[in-house]
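Spelled out from the first residue to the last, the chains are:
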Amino acid sequence: MSAARTLSIGLVVPCRDEAAVVVRKLANLAACEWPDGARHRVVVVDDGSRDGTAELAREFARDTASSLERVEIDVVTNLGAPGKVSALRTGLDVLSNHGGEYDLVGTTDADVCLEPRALVELERAFAATPSLGLACASQRFVASLADDGTCRAADGRELVDAGGRYDRLTAAVRRFESRRDKLFSAHGQLLLWRRELGVAPRPGVAADDIDLVISVRSLGAGTRMVADARFLEPKVPAGPDRRSQEDRRARAYFAVFEGRTGLGRGAFDRAQWLLYRHLPRLAPRLWHGSFVLLAVVLGLLFSPWWALLSPALWAIVVATPVGRDLERLLRVVARASREAAAHPGGDRWEMARR
């Protein structure tokens, strides 16, 4: 029996004012292991940067062109409407029109670094499972990254984990869904899908990763997080930048469901759709409403004084680290739900890079 053909990869890196990290990103991609037996391509798409991002990327591509064996790097300008989705679609068009029939196409963010075998592990997952339509890498939050694109901390020492309780919980959910090839919330920081499916992110939808998952799932193909393929993402420190990131991501999450009707026809698909579409919006009301209901029940069953136990219990819960995190998350969700309904956002992105 002949060995399976290696799947080729076309990877888009959308950039807007990424001068602080774009060279690190490209150095990291150049140092990664790429699946042997095929040619691959990286397309950097500059989305109106004003800090010299495109020039730095072109200089790196020129300097490394002769040393890269299986990977070519292109740097192009987004000629469509400003925004990440338009930049992604520009990159996908370049891959489509370049003469290379890439088996897998996808995207990776400029501010993350990939572990050396991340792309190899993703390609292996697709090669081993023909029904797999889309796969993302797993996420590891770190305190900092070295400027040279290696998987080290900024001081040259070992990486320092920066993930929290919420990150570990969502990772567990993704692993559970991936065992069924029913992943919903994919990591857009490193995401690949089969070119033959013909899917692309919808214009104006900031949560392009979830949007692509819904498109692939609606075609009957599987979606998965590949645990052995990892990317490293610097954790934004607590403060205004993190709050801005959380608000932006939450608003994008609510907006992605507009114009969508479901994931598939199976019971698991329908349950997932209802859960992800409605539970986050209802969660703040359910959480606080449960304490109001408890106060009413205690007051009716015993006396009005007993009703005071409910706010006391709430105060005790939110005084714990887990309770504080939950209360903060629910405030973010409630605020984003209101803002998404009042002011639907586009797909522009503005983030400080580390």
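For the structure, see preceding data.
Residues numbered from 1 in each chain as written. Predicted model: local features only at pLDDT ≥ 70, side-chain atom pairs only at ≥ 80, totals over all residues. Heavy atoms only, no water.

(A) Here's a closer look at a nonpolar patch on the surface. The grouping of Leu 293, Val 297, Leu 301, Phe 302, Trp 306 and Leu 309 at the surface amounts to a nonpolar patch, some 620 Å² of accessible area in total. Looking at the nonpolar patch, the element that brings in the most residues is helix α8 (residues 267–301), giving 3 residues. Mapped onto the elements, Leu 293 comes out in helix α8. (Patch = residues over 30% accessible without salt bridge, like charges linked within 9 Å, V, L, I, M, F, W, Y side chains within 5 Å. Areas by Shrake-Rupley, 256 points an atom, 1.4 Å probe, with all protein chains shown as cover. Salt bridge = Lys/Arg side-chain N within 4 Å of Asp/Glu carboxyl O. Helix = DSSP H or I, 4+ residues; strand = E, 2+ residues; numbered from the N terminus.)

(B) Structural detail: the pairing of strand β3 (residues 71–77). Taken across its 7 residues, β3 has 5 buried, putting it largely inside the fold. With 7 bridges joining them, strand β2 (residues 40–46) and β3 adopt parallel strand pairing. Residue His 40 lies in a different strand from β3, and its bridge partner there is Val 71. Read as a crossover between parallel neighbours, the route from β2 over helix α2 (residues 53–64) to β3 is right-handed. (Buried < 20%, exposed > 50% of the residue type's maximum accessible area, 1.4 Å probe, protein only. Pairing = 2+ DSSP bridges. Right-handed = clockwise from strand over helix to strand, strands pointing away.)

(C) Focus on the sheet that holds strand β4 (residues 104–108). Here we have 8 strands laid out as an open sheet, ordered β3-β2-β1-β4-β7-β6-β8-β5, and mixed in their pairing. Every other strand in the sheet has two partners, leaving β3 and β5 (113–114) as the edge strands with one partner each. Examined bridge by bridge, strand β6 (residues 132–142) and strand β8 (residues 222–234) share 10 bridges and lie parallel to one another. By the bridge assignment, Gln 139 is partnered in β8 with Phe 231.

(D) Structural context of the side chain of Asp 74. Structurally, Asp 74 is set in strand β3. Separated by 2.7 Å, the side chains of Asp 74 and Arg 41 make a polar contact. (Polar contact = N/O pair within 3.5 Å; in protein donor to acceptor, adjacent residues only side chain to side chain.)

(E) Inspection of unusual backbone geometry at higher detail. A positive phi angle, near 55 degrees, is found at Asp 17, a position not held by glycine. With respect to the helices and strands, the residue Asp 17 is situated in the loop between β1 (9–15) and α1 (22–31). Positive phi, close to 55 degrees, is recorded for Asp 181, a residue that is not glycine. The topology assignment puts Asp 181 in the loop between α5 (165–178) and β7 (190–194).

(F) Region of the structure containing the side chain of Ser 138. Tracing the chain through its elements places Ser 138 in strand β6. In contact with Ser 138, not counting residues within four places along its chain, are His 187, Met 225, Val 226, Ala 227, Ala 229, Arg 230 and Phe 231. (Contact = heavy atoms within 4.5 Å.)

(G) Representation of the pattern of salt bridges in the model. Within the structure shown, the criterion is met by 24 salt bridges. With its nearest N and O atoms 3.8 Å apart, the salt bridge here joins Asp 208 to Lys 84. Here Lys 84 lies in helix α3 (residues 84–97) and Asp 208 lies in helix α6 (residues 208–218), a separation of 124 residues in the sequence. Both residues of the pair, Asp 208 and Lys 84, belong to the buried class.

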